[in-house]
Structure formats: structure tokens, C-alpha cells
Amino acid sequence: IWTHDRIIMEKTRWHRPANVRRGLFSDFLARQHIELRLGLPNSREPLKQDIAIVIPCYRVRDSIAGVVRSALQHADLVICVDDACPDHSGRLVQSEFNDNRVKVLFNERNLGVGGAVKAGYREALAMGSTVVVKLDGDGQMDPSLIPLLAQPILAGESDYCKGNRFHEVHYLKG
């Protein structure tokens, strides 16, 4: 659960090969983790500079439209990856959104969340995105925090940022 007055964020620096662009959230693993406590900005104005959001879709039919709608407020591109979903979440997104900023990919067979995310990352990079954000399709992540997480990457201060809503134990208690 995100708090309104602060967020715990891991900022990471890693040595990327020359052929890997800044801002790529990929299979490369971080070498250093620096835990930061950052205050949320007073303004939640979106930073839309080449931000793509990848949403793996598997059995999220009840929540996906709201998640995509919220994500569009904070990004240039939203890529939903239907991972051979039995409830056809991807088809629902196609029918709900007539927006060229929303793209739906379909995996022929279920590859799991990792395979769906990789397919989305590849598509985002092929489309020229600078920052790629993975967002869950079930509504558990708050898209309004995307500008805060993307800012260090866009500013060149970090190559990878990850929000951690389970950093403090009391957030796990119901």
C-alpha cells in the first residue's frame, strides 16, 4: 500500500552494454541497490517524455479497462499483452479503447508474466520508448506514481527504478 506522504524507491545504477539504451527495464540485473525515501511532489503532473507502460493481461477482465484508463494519463503508450488469457482480456481492451496510444499484443500460448512482460518491453523499445514501466492489470499498483518513478531515469540519475509497497512490515498487516 502506497502512502500519500512518501514512497520507498530503489534506485539502481548498472553497467549497461553499449547496445542497451538508457531507461530500458530488461533482463539485466542491477548491481547496486540504493534505498531512498523520496517525498512526493506537490504537483502530480505527468512526465510523458517517451514513457510506455506494459501491462501483462491474464484474467484481469474486471479491472483492465480502469487500469488502462489511468495509465493513459501518465504515458505516451500503453501496451497490453494478452497472455493467451481464457477470459480474453486483450479483446476487451481492443473493444473499449479506440486510441492509437493503446496497443494490444497476443501471445499464442501462455508464457507467464515474465514472457508477457518481455514481449511488451520488446514492442515498447521497437516503438522508440525511452522509459518502460511494468504495471499490473489487476489495479494493485497506482499509476499516478509513475511520474515519480520515471523522473530519476528521465533526469539521467538512474537506469532503473522500482517502487516497493512492501518495504515496511506494518504495510503487510490487514
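Q: Residues and numbers for the sheet that holds strand 4 (residues 77-82), please.
A: Spatially, the four strands line up as an open sheet ordered 5-4-3-6, and their pairing is parallel. Where the open sheet ends on each side, the last strands, each with one partner, are strand 5 (102-106) and strand 6 (131-134). Recorded for the sheet is a direction-independent mean angle of 25° between the axes of neighbouring strands. Strands strand 3 (51-57), strand 4 and strand 5 of the sheet are contacted by helix 2 (residues 89-96), whose axis makes an angle of about 155° with strand 5.

Q: Mind laying out helix 2, listing which residues take part and the relevant values?
A: Every buried residue of helix 2 is accounted for by S89, G90, L92 and V93. Take helix 2 and look down its axis: the buried residues cluster within an arc of 160°, on one side only. The elements touched by buried residues of helix 2 are strand 3, helix 1 (64-71), strand 4 and strand 5.

Q: Account for the nonpolar core, with residues named and values stated.
A: Ranked by size, the top nonpolar core spans 27 residues in total, and within it I53, I55, I64, V68, V78, C80 and V93 carry the most contacts. It is helix 1 that provides the largest number of residues to this core, a total of five residues. When neighbours within four sequence positions are excluded, V68 is seen to be in contact with I55, V78, C80, V93, F97 and V102. Counting 12 residues, the second-largest nonpolar core is a separate cluster that includes I79, Y121, A124 and V132.

Q: Account for helix 4 (residues 146-154), naming residues and giving values.
A: Since the α-helix turns once every 3.6 residues, residues separated by three or four places project in the same direction. Of all nine residues that make up helix 4, seven are buried, and the element is covered over most of its length. Those residues of helix 4 not exposed but buried are I146, P147, L148, L149, A150, P152 and I153.

Q: Can you break down the pattern of salt bridges residue by residue, with the values?
A: Inspection of every chain in the model, using the stated rule, returns four salt bridges. Ionic pairing is found between R69 and E96, a salt bridge with its closest N-O pair at 3.8 Å. One end of the pair, R69, is in helix 1; the other, E96, is in helix 2, and 27 residues separate them in sequence. Residue classification places R69 among the partly exposed positions, given a relative accessible area of 43%. The exposure class of E96 is partly exposed, given its relative accessible area of 42%. In this structure, the salt-bridge partner of K134 is D136, at a minimum N-O distance of 2.3 Å.

Q: I'd like a rundown of the environment of V131, residues and numbers included.
A: Position of V131 relative to the elements: it lies in strand 6. V131 gets classed as buried once you look at its relative accessible area, which sits at 1%. Each C-alpha atom of the pair V131 and A150 lies 7.1 Å from the other, and the pair is 19 residues apart in sequence.

Q: Give me the lowdown on the packing of aromatic side chains, citing residues and values where you can.
A: Aromatic ring pairs are defined here through the distance separating the ring centres and the angle between the ring planes. Overall, the coordinates contain zero aromatic pairs when judged by the stated rule. Above the face of the F106 ring, R91 is positioned so that its terminal group lies 4.3 Å from the ring centre.

Q: Could you give an account of the pairing of strand 3, with specific residues and numbers?
A: Across the seven residues of strand 3, seven count as buried, placing the element largely inside the fold. Of the two faces of strand 3, both are covered, the one formed by I51, I53, I55 and C57 as well as the one formed by A52, V54 and P56. Judged from the four bridges that link them, strand 3 and strand 6 form a sheet pairing that is parallel. Note on strand 6: the bridge partner recorded for V54 is K134. Strand direction decides the pairing type here: strand 3 and strand 4, joined by six bridges, are parallel. Residue P56 lies in a different strand from strand 4, and its bridge partner there is V81. Handedness of the crossover joining strand 3 and strand 4 through helix 1: right-handed.

Basis of the calculations
- Residues numbered from 1 in each chain as written.
- Predicted model: local features only at pLDDT ≥ 70, side-chain atom pairs only at ≥ 80, totals over all residues.
- Heavy atoms only, no water.
- Pairing = 2+ DSSP bridges.
- Helix = DSSP H or I, 4+ residues; strand = E, 2+ residues; numbered from the N terminus.
- Axes fitted to C-alpha atoms, helices over the stretch in contact; angles between N-to-C directions.
- Contact = heavy atoms within 4.5 Å.
- Buried < 20%, exposed > 50% of the residue type's maximum accessible area, 1.4 Å probe, protein only.
- Arc of directions from axis to C-beta.
- Core = buried A, V, L, I, M, F, W, Y, C linked by side-chain atoms within 4.5 Å.
- Salt bridge = Lys/Arg side-chain N within 4 Å of Asp/Glu carboxyl O.
- Phe/Tyr/Trp six-rings, centres within 6.5 Å; stacked < 30°, edge-to-face > 60°.
- Lys NZ or Arg CZ within 6 Å of the ring centre and 35° of its normal.
- Right-handed = clockwise from strand over helix to strand, strands pointing away.

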